[in-house]
Amino acid sequence: MSHGTLLLVALLLPFIGSLAAGFLPTHARNTAAILAGSVAVAGIGISVWLYTSLADGAPVQFWLSWLPMLGLDFTLRLDGLAWLFALLIFGIGALVVLYARYYMSREDPVPRFFSFLLAFMGSMVGIVLSGNLIQLVFFWELTSLFSFLLIGYWHHTASARDGARMALTVTGTGGLCLLVGVLLIGRIVGSYDIDQVLESRDLIIQSDLYVPALVLILLGAFTKSAQFPFHFWLPHAMTAPTPVSAYLHSATMVKAGIFLLMRLWPVMSGTDAWFYLVVPAGLVTLLLGAFIAIFQQDLKGLLAYSTISHLGLITLLLGLGSPLAAVAAIFHTLNHAIFKASLFMAAGIIDHETGTRDLRKLSGLYRYMPITATLAMVAAAAMAGVPLVNGFISKEMFFAEAVAEHTGSLLDDSLPYWATLAGVFSVTYSLRFILGVFFGPPPVNLPHRPHEPAHWMRFPIELLVLICLLIGIVPSLTVGPLLATAVKGLLDATPPYYSLALWHGFNLPLMMSLIAMAGGVVLYLGLRRYLESGIEGPPILRDFKGQRIFEKVLATLSWQWARAGEATLGTRRLQPQMRIVITLAVVAALAPFIANGAVGTGDMPGTPLPPGFALLWLVGGICALGAAYQAKYHRFAALVLVGGAGLVTCVTFAWLSAPDLAVTQLLVEIVTTVLLLLGLRWLPKRIENVYPSRPPLKVLLRRYIDLTIACALGGLMAFLAYCLMTRPLTQSVSRFFVERAYSEGGGTNIINVILVDFRGFDTMGEIVVLCLAGLTVFALLRRFRPAPESIEQPEQQRIQHAYDVATPDRSPGDTVADYMLIPRLIMHWLFPVIAVMAVYLFMRGHDLPGGGFAAGITLSIAFVVQYMASGTRWVEDHLRVLPLRWMGMGLLTSCATGMGSWWFGYPFLTSHFQYVELPYIGKVPAASALVFDLGVFALVVGATVLILIALAHQSLRSSRAAQASEGGE
Amino acid sequence: MTLSLAALGPALPELLLALSALALLMLGAFAGPKSTDTVNGLALAALFGALVLVLIGPAEATLFNGAFQVDAFGRFMKVLALIGAGGTLAMSVDWLKIEKQDRFEYPVLVLLSTLGMMVLISAGDLIALYMGLEMMSLALYVIAANNRDSVRSTEAGLKYFVLGALSSGMLLYGASLIYGFTGSVNFAQIAQAAREPSLGLIFGIVFTFAGLCFKVSAVPFHMWTPDVYEGAPAPVTAFFASAPKVAAMAVFVRFAMEALPNVAHQWQQIIVFVSIASMALGSFAAIGQRNFKRLMAYSSIGHMGFALVGLAAGTQQGVQGVLVYMAVYLVMTLGTFACILSMRRKDGMVESYDELAGLARTSPVKAFMLAVLMFSLAGIPPLAGFLAKYYVFLAAIEAGLYTLAVIGVLTSVVGAFYYLRIVKIMYFDEPAAAFEPMRSEPRVVLAISGTFTLLFFVYPAPLIAAAAAAARALF
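Residues numbered from 1 in each chain as written. Chains lettered and ligands numbered in written order. Predicted model: local features only at pLDDT ≥ 70, side-chain atom pairs only at ≥ 80, totals over all residues. Heavy atoms only, no water.

Time to look at the overall build of chain A. Secondary structure summary: chain A contains 37 helices and 4 strands in total. Every one of the 969 residues in chain A was classed for burial, and the buried ones make up 50%. Excluding contacts between residues fewer than 6 apart, the proportion of contacts in chain A whose partners are at least 24 apart in sequence is 78%. (Helix = DSSP H or I, 4+ residues; strand = E, 2+ residues; numbered from the N terminus. Buried < 20%, exposed > 50% of the residue type's maximum accessible area, 1.4 Å probe, protein only. Contact = heavy atoms within 4.5 Å.)

Okay, structure coming up:
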């Protein structure tokens, strides 16, 4: 098997193992552990095997064509740096698996745990082995995902779910930034291949996109590696099972950001932008993490903040930009992984065996678990940077770099002091960890009685602590070659000179270490009382909760802004909606207008405006405005004003030589006004005095805005109509009718000829619609019951009624009958006159304004007048017209006329015409269309009267209802 | 001009719908409420018959002097509209019965509205367009208020009517301006006349598009959508979200492509704006919603925005994208509403999607299907919703509309938030009480919809090919 293929195996093994573990039965704890352990051990084997091939410095590669059209290949690439990380991932992984076997309870679905863990291991290996950046981001996101699943492993607890979600949100957002950053890098370099990217330092640094790309990539790295201000997710991720904390959140995943920084260190570091972005972030994280760690009451919380602090240290080192600092960063990464993993495991054991992680409850455990305590002490010493353990050496290197690096800026000059301060803090929290847990009085009220754990559970700690000691005592013999390999992978050809030795003589870094240790002890003693008071979190800072801010931001984004947006921009009320629609239409129509600037009126000259006509229109306009205004306050007045506007329209038609339209309009106007009047009675009353004094300014403003919008829209419409009318019509059908109305339809009233002849079929449809409308009104109102508040009789009727009742020789209704006597008489007599008028209109319709429709409406007016004069009851008593029959007859007549033409072999509704001489009357047109018109006439009368009856009958019904309700009382 | 019955052949599906609507109305009116089941069944049969007639009917034909045209495009959209109408009608029968809102008028109105849609899809001139639009809308206004005793439902109907009438007025105004400036109502002749954009013509286009935007509920003419979706009974909302959208989008595309191809750069800006606004509003406004129907309203606004991306491209590929998008959207919508319709407990319907909590445990299959639909609506690969988005964005990119495509992708990321929240609620929240078992019709619809969405990527060729053929018909 070639070395390249081995890489593929190393990558795929964990995923295969994960899949296999997923299919194991729920409680197969041992099988799953053995499976996971063997995968990890195989990984270690492969890593060790590949070590030899790295000696010459060239990376091991594996290449597979993936998306060639996008210039993307699936590439695996193992250099020294990747190798060290891979070894770390597999090595710590193997130990964590062993530990988890004992840590996880029998009841937990352990195979699922190992399945996630293996998948995570594979993703992590994927990051370090990726040969191109896109692929790296892909595996990067996978680690976020599996971290989410592992943190939320005990998904029945709310805090686990919250922690998992927060970790995913933060790292996932960071991953998105990283992706964009990587795409920018790809754009600069022209390739995503890491080898190519590593060769393009000048190209990248000089590019305009360098700073955006850097910021985005750093966002990705900082979120993943929990750097300030994105550190807050890590402590909440501690709700995960402890093996997960040991593996993901101290040793590996949080190092992914560090790895990325190292990976791109050769090409991106060394600039001012890099320095001023990375160093402050690292420094603040280092100090803040260490400071907060001192005040934690939760064992794992303490370790989590300590991890944050150490990650800050490594970031800081990388930010410095000198090769030696980078070496120190790699070394500290390795050391931190080792001692922090062992400390987490120790914390897990304590939790497991005592049932609590609360530092306030734990004390004096040395008595019960001396071996674990000893191991933990060594590891904690490494954390504090005590000589003879590994942490000391890398910390010394850090101090040395902090002192060495001087470019003259304030940040640079102050670094040694900050570094020492951080050292003080780390000694303090290490002391607190050890002294608080293992020494002092015996614990009281622990959930379990503490004892040593199973030996194999402790074994990983023993091994790791042993490594700590070995590295700490003989660094050059143990870790030296490994580090050299990694450094060769990170830096180009010539690694800087560095010496891994315990004793460098009595120099400044050693001084700093001593100060830090002494200071740490003093600080611990000083803070002891405060810490024992049991307050959670550090002074002042505890009020700044990252989690609360995070949740607040999420809630703001997801609910409040959305709600507020909807409340301000959207509305559920109809009026504003219509206002918006109309305004938008006006704006949309005006936009091209303003853009083009040209006014598109036509060339045709306008006709001169006679003053009388202008006055007429002024009146009409005022009527329309008044109607719009009164519609809200006084419906009756509004209706009358609408009638006025309609009347002006009629006159306009007549003025502009359209008598036919004028007649029809007038008649329709009358009928509809009366029908509307009848209907008005049943509308709910307006609520008076909504505003006690005068309407508030807001309301007035709204009304004026509405007025403005309406005027704007109306003006626009009028203007557009004007533009259209001043253009010559391209083609018009009217010529056709003008030419043929007499020759083919036999009538000089073109409109009527069109209605009954040329477009007879349309008219047929229209009368059917009218018929249906009448029937519908009737059918709907048949079931109509007026609203209770409008049943009451009008005031005038009540007064008259009361007077009639009170006066001895009068019966109710007499007053009305009295004072309506004259009008009633006139109106009765008018009936035949109007009827004759209707016949006249009908007969002349073919040649002069009139026709079936106009005649029908006229006859209906005769009926309306009777209603007004004599009341519903009288009319219904005397009505000899059965509307339904009229409608039916009308429709049938029209149809029969149409079908009559079939008799003569013509298509439906073909008309025939001639003039006949009648005695006394003279020459009248006798077209077959006249019969059709008769049908129209009958139908119009029938439908109108039907609607009239349906509406008017309500007054009888409501008075009955009123009587019934009075009787009921 | 005379018309023989045989010449009406291409309009046979429409005739069938018209006649069955009339016949069923008579049946219902004379036989009374007890005939509701029969009317429902026959209405479904009529829709199915129309579907068959559309499929076996002639591929290309023109009737009524070009006012009515049958082509591959119309066929594709008609099939979608009929599936939408049939699917929602089938699902609503039981629901309405349980809610005691079953009236024989409902299926008749659905038939009439569907007839309007068919006319609309086939419209070849502005008159037919307006006629189809009104026939569709008038029936919709009424069924929005189907639940007469509910204030919310009647309010929804009234609002829809008022705003709809307003927008119809605008459309009519725009249409008359277009007629005035081009001298014709026929799409082909308008295209001939409208070579040079004049100001009047642009006004006309703006107003007509405003009316059409209202019908597809695109921002800024979307205001009615959430209120009507929330107020109307759930099956009616399902109907609103499916078939009419397809029809309106069809006529939008046809009108833009057939009548205004020569002034494309004029209206393209309008569509780009509307599309961006719809996608953005659909994504952001939905975040604040709790009511599932209201959420779906914003979701449909957003989806119309995505579909309009394809139209904005103005190319054959873009039209193909719109067609694929509408097909996938229809299927996903039907499936989602099948779930909404079955959100019923013993004490009645619930509409907040929080009630779905823990659905994965109470009814895992339904939860899985709904999760698939949500993922697909969010546009997550490899589900159908992703492919649909892919086609429209690809068309936009090839037409050089990079900004539009980028904004589209970003808003779909935002939109994913609320879809995924539903998945989260179903899978991670403490289970609420179980729902009543699903009725068989919604169950079938959900199963078909979920399976289609899940497996579409395996064999998308037939739909893509049909959409390509349909798009070709317009060029």
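This part is about a nonpolar patch on the surface. All names here are of chain A. A contiguous nonpolar patch, built from Leu 388, Leu 463, Leu 466, Ile 467, Leu 469, Leu 470, Ile 473, Val 474 and Leu 477 and spanning about 720 Å² of accessible area, is present on the exposed surface. Ranked by residues supplied to the nonpolar patch, first place goes to helix α19 (residues 455-473) with 6 residues. Counting through the fold element by element, Val 474 comes out in the loop between α19 and α20 (475-478). (Patch = residues over 30% accessible without salt bridge, like charges linked within 9 Å, V, L, I, M, F, W, Y side chains within 5 Å. Areas by Shrake-Rupley, 256 points an atom, 1.4 Å probe, with all protein chains shown as cover. Salt bridge = Lys/Arg side-chain N within 4 Å of Asp/Glu carboxyl O.)

All told, the structure shown has 29 salt bridges over all chains when counted by the stated rule. Taking the shortest distance from any N to any O, the salt bridge between Glu430(B) and Arg161(A) comes out at 3.8 Å. Of this pair, Glu430(B) sits in the loop between α18 (402-428) and α19 (440-455) while Arg161(A) sits in helix α6 (residues 158-189), which puts the two residues in different chains. Overlapping salt bridges, with partners in common, bring together Arg152(B), Glu155(B), Lys159(B), Asp227(B), Glu230(B), Lys293(B), Arg294(B) and Glu351(B) in one network.

Residue and element names in this part refer to chain A. As assigned here, chain A comprises domain 1 (286-539), domain 2 (571-685 + 695-730) and domain 3 (749-969). Taken residue by residue, the interface counts 16 residues in domain 2 and 26 residues in domain 3. Taking both sides of the interface into account, the surface hidden between domain 2 and domain 3 amounts to around 1,700 Å²; carbon and sulfur atoms contribute 78%. Across the domain 2-domain 3 interface, the total number found is 0 salt bridges. Along the contact surface separating domain 2 from domain 3 lie 0 residue pairs in polar contact (both at pLDDT 80 or more). Here the side of domain 2 that touches domain 3 is built from residues that sort into 11 nonpolar, 2 polar and 3 charged. (Domains from an automatic or database assignment. Buried area = accessible area lost by both parts, 1.4 Å probe. Polar contact = N/O pair within 3.5 Å; in protein donor to acceptor, adjacent residues only side chain to side chain. Nonpolar A, V, L, I, M, F, W, Y, C, P; charged D, E, K, R; others polar.)

Turning our eyes to something else, we now look at the UniProt feature "domain: NADH:quinone oxidoreductase/Mrp antiporter transmembrane" (unreviewed entry) in chain B. In the numbering adopted here, UniProt assigns the feature "domain: NADH:quinone oxidoreductase/Mrp antiporter transmembrane" (unreviewed entry) to residues 123-414 of chain B. Annotated as residues 123-414 of chain B, this span is 78% helix and 1% strand, and its ends, taken at the C-alpha atoms, are 37 Å apart. (UniProt positions renumbered as here; feature names shortened; annotations may be inferred.)

The next point concerns unusual backbone geometry. Residues and elements named next belong to chain B. With an omega of 5°, the peptide bond running from Val 219 to Pro 220 counts as cis. Summarising the element assignment, Pro 220 is placed in the loop between α8 (199-215) and α9 (224-231). The omega angle of the peptide bond from Pro 381 to Pro 382 is 5°, so this bond is cis rather than trans. Although it is not a glycine, Lys 100 sits at a positive phi angle of roughly 60°. One can find Lys 100 in the loop between α3 (72-98) and α4 (105-122). Note on Lys 100: relative accessible area 70%, which makes it exposed.

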